[in-house]
Amino acid sequence: MEKTSMKKRIIAIVAALAVFCAGFWFFQRLLTPKYINDIIEGRLIADYYDHAGGNDVIFIGDCECYENISPIKMWEEYGITSYIRGSAQQLIWQSYYLLEETLQYETPKAVVFNVLSMKYNEPQNEAYNRLTLDGMKWSSSKVASIKASMTEEESFLSYVFPLLRYHSRWSELTGEDWEYMFKGKRSFHQGYLMRVDVRPVTSYPSKRPLPDYQFGATAYEYLDKITALCKEKGVELILMKAPSISPVWYDEWEEQMVEYSQKNQLKYINFLDLIDEVGIDFNTDTYDNGLHLNLSGAEKMAVWFGKYLQEECGIADHRGEPETVAKWQEMTDFYHEMEADQYRELEEYGYLKSYGGRPVTEEGK
Amino acid sequence: MLFTSYEFIAFLCGLFILYYLIPKKFQWILLLVGSAVFYAWAGIRFLAYIGVTTVTTWYAGTRISGIQEAGNAYYDAHKKEMDKEARKAYKADVKKKTRGWFLACLLLNLGILAVVKYTDFVIDNINAIFHGEISFLSFALPMGISFYTFKSMGYLIDVYRGKTKAQSNLAKFALFVSFFPQIIQGPISRYDKLSETLYGEHAFDPVRIRSGLMRIAWGFFKKLVIADRLLAGVKTLSAKPEEYQGAYVVLIILFYAIELYADFTGGIDITIGVGEIFGIKMEENFITPYFSKNINEYWTRWHITMGAWFKDYIFYPLSVSQPMLKLSKWSRDHMGKAVGKRVTVYIANIVVWFATGLWHGAAWNFIVWGMLNCVVTVASYEMEPLYKKFHTALPCTNRGWYDVFQMFRTFWLMGAIRILDVYRNVPTSFKQVGTIFTTGGWGSIFSADVLKLGLTGADYLVVLIGCILMIAVSIVRYRQKDDIRVNFEKRGVVCVSAVILLLVFAVLIFGAYGVGYDATQFIYNQF
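Residues numbered from 1 in each chain as written. Chains lettered and ligands numbered in written order. Predicted model: local features only at pLDDT ≥ 70, side-chain atom pairs only at ≥ 80, totals over all residues. Heavy atoms only, no water.

Caption draft 1: Examining the overall build of chain B more closely. Helix and strand counts for chain B stand at 20 helices and 0 strands. Taking 527 residues into account, the globule formula puts the C-alpha radius of gyration at 24 Å, and chain B, at 25 Å, falls close to it. By principal-axis analysis of the C-alpha atoms, chain B measures approximately 85 × 70 × 60 Å. Sequence separation of at least 24 residues holds for 77% of the intrachain contacts in chain B that already meet a minimum separation of 6. (Helix = DSSP H or I, 4+ residues; strand = E, 2+ residues; numbered from the N terminus. Rg over C-alpha atoms; globule rule 2.2 N^0.38 Å. Contact = heavy atoms within 4.5 Å.)

Structure, rendered in structure tokens:
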């Protein structure tokens, strides 16, 4: 009798817990943002896991990475296999932990790190943290990255259970949330976020004086860690400053990067000094007044960078490998399909309706 | 450790599992350790304050009890040898011996409370009156000091009166004082009641635990879904009194009435529910207060344990004290029976309401709030005969709708007085209430303007549904004189589990917590 009662009690508890877990999981899937047609960069980090392995070059960094270089173009021109592990306002410790995680999946020949994030020495913004951290698979790297990135208002538990963060989205649910509850959408090209629209540079930002130009200790600490990790794994580290004219890149920052790269015997390329050599025209190669390059600009960057990687770093051409070619051909086809589709949308609507673009009038410009 | 924090939930889960894994005789020790951890979480240095109160009250209690027991034993043994006068003298002598311990302990602990809570208030008033510049001492207020001090002093008074036997075990007494669910906002338990279950051995009782969980979930629902969601509206309206006047003052009275009720009763639901899952029974602190038909009834339904504390330990002793009886007699002799009858009651009322106001906070708005309650209570008492005549003359006042009218009237009257708590400034509060009659703006509160108060349409919808649920639960409680949980329990385990899960998901999804919401402590934590 006692045994039966105990058994029933355990079954009841297990059943209640199962219902709770199922409900929790369901609501979590439903309420977590899908980033389908808006802020689509929110899916960038998770996209990597479908493409991990076989990349000779890994780019890490913020939007100056994932919007400024086209890995598909680099493949087409040089047969270089690359992937961009970029995310919006990716902080340097996030870059480090993403690299640490990436090296668990593959060992590239070279890693290119965009140095703009050196200007941040402390956690910045919860929304941007989410764009980088939510998409990561659970690992010790993710845990460390969350801990390093959290602002005061955040809790670790809300990363473990995103429902605790996104529960208030119940009043903003759209059909997209139901449609993409259990499936994603293919939007990226080896971590590259394509935009074909054009909004030329009309003015150059002024260099407002800063009280202190010295990069912070934490930023340096993680740059050292990135350097050490690459050395440990036998990966060549290349530092890069992408050719974005905004945010401003100060001469004082440049001096520190030059000094650091010399001290650590690293290659450092500041594309702001190579605008003409790369062939970037800010009248045609940017979609947001010079903050990021559009497809035309990103392809020019890929052409220049691919040549550099091959000549200076000896990155191999894989176009003679049937298996690799087959894999990249499929991606190349998708790339050109999207390119055509974006041009079609641009012509039809005047803006990129399905690709995160907005009508110019909506932005008040 | 806020009740609504992840830390508290983790702490509670851990404690709960351990509680039913360890031998039952150690359960109360685990609760003591848990209470110490809970208290230390707010700052280890605060343990000193509660430690002093615990040790001094326990020691004074045992000494008083010891003297009483020895006295009683001697009295019983020598009763026959003593005449009436000698017996009286002996009892007085015993009382005198205990009085020293009693007063010393009472003054010490009320003194600690007065110093840490009221010093800056006194300095502020001295500076204002004498244009002085005395610096504030800015003592950090130990968590729950008003609650645990009152609980301890209630125990001391009961021991002194011989109503309760002192607890000889210091650790057990420490658990009574620091029992974590009720340390921050009550209820202010009496030792004789709480000790019945606090130190007992409790088996894992699924029915009781489910019931407790249901109450905890309901408490979280009220706090996070209703109170914290409305908080934005209350903050917006109270932050700019010059902008939100007239009809908006009526709106803030309504908002704050809902917020305070959901916040305070939600906290008490969590407290009582936590007690239940550990097998510990606590007194109810609220019984459908907004269904009260007059102020006296209201104060028997709202914050019941506090009201009872003031009544039992201040009002009654003061009313029957020697000076008051003398005053009463003098008044009867010199001013007539009617005045003589009233004078002691009124003075005791004034003292009690002044103390109640002061207990809520070291600020004039709380004192004026207390005195307004006093005025309404006395006025209500004085108008009693008039009401009786009115009710006799109009038989329709026996109808149900008249009850509803009285509830409605009491709700708004108490809400209007409570506005002192909203603005925290006496002149502003009176001015704002005055604008209800002088400034219009009624159209605004029924227009899209209400969406500019920090609350969206979705927020209003959630609050509305939450209020409907609270009213429904209150109606059931009011009619059947019992908790609605009884109705669910009758329907079996599946029904209870479903209710708990629904509440948990409602809290998880509709709760105002996390990034984007202003995490707040329970309003009564600060008192």
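Caption draft 2: Local environment of the pattern of salt bridges. Residues and elements named next belong to chain B. Within this structure, the stated rule accounts for 36 salt bridges over all chains. Its salt-bridge partner being Glu382, residue Arg342 comes within 2.6 Å of it at the nearest N-O pair. One end of the pair, Arg342, is in helix 13 (residues 337-360); the other, Glu382, is in helix 14 (residues 364-382), with 40 residues separating them in the sequence. Beyond isolated ion pairs, a larger network of salt bridges with shared partners links Arg215, Lys222, Asp269, Glu276, Glu284, Asp483 and Arg485. (Salt bridge = Lys/Arg side-chain N within 4 Å of Asp/Glu carboxyl O.)

Caption draft 3: Focus on the environment of Asn365 of chain B. All names here are of chain B. Positionally, Asn365 belongs in helix 14. The sequence separation of Asn365 and Val422 amounts to 57 residues, and the corresponding C-alpha distance is 9.4 Å. When residues no more than four places from it in sequence are discounted, the contact partners of Asn365 are Leu420, Asp421, Arg424, Asn425 and Val426. In terms of polar contacts, Asn365 uses its side chain to reach the backbone carbonyl oxygen of Leu420, at 3.0 Å. (Polar contact = N/O pair within 3.5 Å; in protein donor to acceptor, adjacent residues only side chain to side chain.)

Caption draft 4: Geometry of the nonpolar core. Within the largest apolar cluster, 144 residues are counted, with the highest numbers of intra-cluster contacts made by Phe38, Phe180 and Phe278 of chain B. Here this core gathers at least three residues from each of two domains, domain 1 (24-201) and domain 2 (292-382) of chain B. In this structure Phe180 of chain B touches Phe3, Phe8, Phe11, Leu12, Leu15, Leu31, Ser35, Phe38, Val274 and Phe278 of chain B, once residues within four positions along its chain are discounted. Counting 55 residues, the second-largest nonpolar core is a separate cluster that includes Trp75, Met240, Ala242 and Leu295 of chain A. (Core = buried A, V, L, I, M, F, W, Y, C linked by side-chain atoms within 4.5 Å. Buried < 20%, exposed > 50% of the residue type's maximum accessible area, 1.4 Å probe, protein only. Domains from an automatic or database assignment.)

Caption draft 5: Quick look at the interface of chain A and chain B. Contacts between chain A and chain B engage 20 residues on the former and 16 residues on the latter. At the boundary of chain A with chain B, total buried surface from both sides reaches about 1700 Å², with 78% on carbon and sulfur atoms. When residues of chain A are sorted by the area they lose upon contact with chain B, Leu164, His167 and Trp170 of chain A head the list and together hold 36% of the total. One can count 0 salt bridges joining chain A with chain B. Joining chain A to chain B, the criterion identifies 4 residue pairs in polar contact (both at pLDDT 80 or more). At the level of secondary structure, the elements contributing two or more residues to the side of chain A that touches chain B comprise helix 1 (2-31) and helix 9 (163-166) of chain A. (Buried area = accessible area lost by both parts, 1.4 Å probe.)

Caption draft 6: Fine view of the pairing of strand 4 (residues 236-241) of chain A. Residues and elements named next belong to chain A. Here strand 4 lies mainly inside the structure; 5 of its 6 residues are buried. Where strand 3 (residues 110-114) lies against strand 4, 5 bridges are found, and the strand directions are parallel. If you follow Val111 over to strand 4, its bridge partner there is Leu237. With helix 12 (residues 251-263) bridging strand 4 and the parallel strand 5 (residues 267-270), this β-α-β connection has right-handed handedness. (Pairing = 2+ DSSP bridges. Right-handed = clockwise from strand over helix to strand, strands pointing away.)

Caption draft 7: Expanded view of the domain arrangement of chain B. All names here are of chain B. Under the domain assignment, chain B is made up of domain 1 (24-201) and domain 2 (292-382). Spacing between the C-alpha centres of domain 1 and domain 2 amounts to 24 Å. Taken together, the contact pairs 15 residues of domain 1 with 17 residues of domain 2. Between domain 1 and domain 2 the total buried area reaches about 1500 Å² when both faces are included, carbon and sulfur atoms providing 64% of it. The largest contributions to the domain 1 side of the interface with domain 2 come from Phe121, Phe150 and Arg190, which together make up 40% of the buried area. Asp312 is the partner of Arg190 in a salt bridge, and the nearest nitrogen-oxygen pair spans 3.0 Å. The tally of links from domain 1 across to domain 2 stands at 11 residue pairs in polar contact (both at pLDDT 80 or more). Elements with a contribution of two residues or more to the side of domain 1 that touches domain 2: helix 4 (84-130) and helix 5 (145-160). When its residues are assigned to classes, the side of domain 1 that touches domain 2 shows 8 nonpolar, 3 polar and 4 charged. (Nonpolar A, V, L, I, M, F, W, Y, C, P; charged D, E, K, R; others polar.)

Caption draft 8: Expanded view of a nonpolar patch on the surface. A surface patch of nonpolar side chains, about 450 Å² in accessible area, is lined by Phe26, Ile29, Val33, Val37 and Trp41 of chain B. Its place among the elements puts Trp41 of chain B in helix 2 (residues 27-41). (Patch = residues over 30% accessible without salt bridge, like charges linked within 9 Å, V, L, I, M, F, W, Y side chains within 5 Å. Areas by Shrake-Rupley, 256 points an atom, 1.4 Å probe, with all protein chains shown as cover.)

Caption draft 9: Highlighting the environment of Val234 of chain B. Residue and element names in this part refer to chain B. Residue position: Val234 is located in helix 8 (residues 206-239). Measuring from C-alpha to C-alpha, the distance between Val234 and Glu259 comes to 8.4 Å, with 25 residues separating the pair along the chain. Those residues within four positions of Val234 in sequence are excluded, and the remaining contacts are Ile252, Phe255, Tyr256 and Glu259.

Caption draft 10: Looking closely at a positive patch on the surface. Residues and elements named next belong to chain B. On the surface, Lys95, Lys96, Arg99, Arg161, Lys163 and Lys193 cluster together to form a positively charged patch. Tallying contributions element by element places helix 4 first for the positive patch, with 3 residues. Along the chain, the position of Lys163 falls in the loop between helix 5 and helix 6 (170-178). (Lys, Arg positive; Asp, Glu negative; His and termini not counted. Charge placed at Lys NZ, Arg CZ, Asp CG, Glu CD.)

Caption draft 11: Main features of the sheet that holds strand 2 (residues 82-86) of chain A. Residues and elements named next belong to chain A. Spatially, 5 strands are ordered 2-1-3-4-5 in an open sheet, and the strand pairing comes out parallel. Every interior strand has two partners, whereas the edge strands, strand 2 and strand 5, have only one. Direction aside, neighbouring strands of the sheet carry axes that sit 20° apart on average. Of the pairings in the sheet, the one linking strand 1 (residues 57-61) to strand 2 comprises 5 bridges and is parallel in character. Across the sheet, residue Val57 finds its bridge partner in strand 2, namely Ser82. Its contacts with the sheet place helix 11 (residues 217-233) against strand 1, strand 3 and strand 4, and it is angled at close to 145° to strand 4. Across the sheet, helix 14 (residues 295-313) lies against strand 1, strand 3, strand 4 and strand 5, angled at about 160° from strand 5, the strand it touches most. (Axes fitted to C-alpha atoms, helices over the stretch in contact; angles between N-to-C directions.)

Caption draft 12: A look at helix 4 (residues 71-78) of chain A. All names here are of chain A. Across the 8 residues of helix 4, 6 count as buried, placing the element largely inside the fold. Of the residues making up helix 4, those classed as buried are Pro71, Ile72, Lys73, Met74, Trp75 and Tyr78. Looking at the buried side of helix 4, the elements it contacts are strand 1, strand 2, helix 14 and helix 15 (322-349). Looking one or two places after helix 4, you find Gly79, whose phi comes out positive at around 70°.

Caption draft 13: Focus on unusual backbone geometry. Residue Pro247 of chain A is bonded to the preceding Ser246 of chain A through a cis peptide linkage, with omega at 0°. When you line up the elements, Pro247 of chain A lands in the loop between strand 4 and helix 12. Residue Gly186 of chain B is joined to Pro187 of chain B through a cis peptide bond whose omega torsion reads 0°. A positive phi angle, close to 40°, is found at Gln89 of chain A, a residue other than glycine. Its place among the elements puts Gln89 of chain A in the loop between strand 2 and helix 5 (92-105). At Thr288 of chain B, a position not held by glycine, the phi torsion is positive, near 35°.

Caption draft 14: Spatial organisation of the packing of helix 4 of chain B against helix 5 of chain B. All names here are of chain B. Interaxial distance between helix 4 and helix 5 falls to 11 Å at its minimum, and their mutual angle equals 170°. Here helix 4 is positioned roughly antiparallel relative to helix 5, judged by the angle of their axes. Mapping the contact onto sequence places Lys95, Thr98, Arg99, Phe102, Cys105, Leu106, Asn109, Leu110, Ile112, Leu113, Val116 and Lys117 in helix 4 and Ile145, Ser146, Thr149, Phe150, Met153, Leu156, Ile157 and Tyr160 in helix 5. Considered class by class, the residues forming the contact of helix 4 with helix 5 number 13 nonpolar, 4 polar and 3 charged. (Parallel < 35°, antiparallel > 145°, perpendicular 65-115°, else oblique.)

Caption draft 15: Region of the structure containing the side chain of Asn55 of chain A. Residues and elements named next belong to chain A. By secondary structure assignment, the location of Asn55 is in the loop between helix 2 (44-47) and strand 1. On the basis of relative accessibility, which here comes to 2%, the residue Asn55 falls in the buried class. Here Gln190 takes part through its side chain, which lies 3.1 Å from a polar atom of the side chain of Asn55. Apart from residues no more than four positions distant in its own chain, Asn55 is found in contact with Thr81, Ser82, Tyr83, Glu106, Pro108, Gln190 and Trp328.

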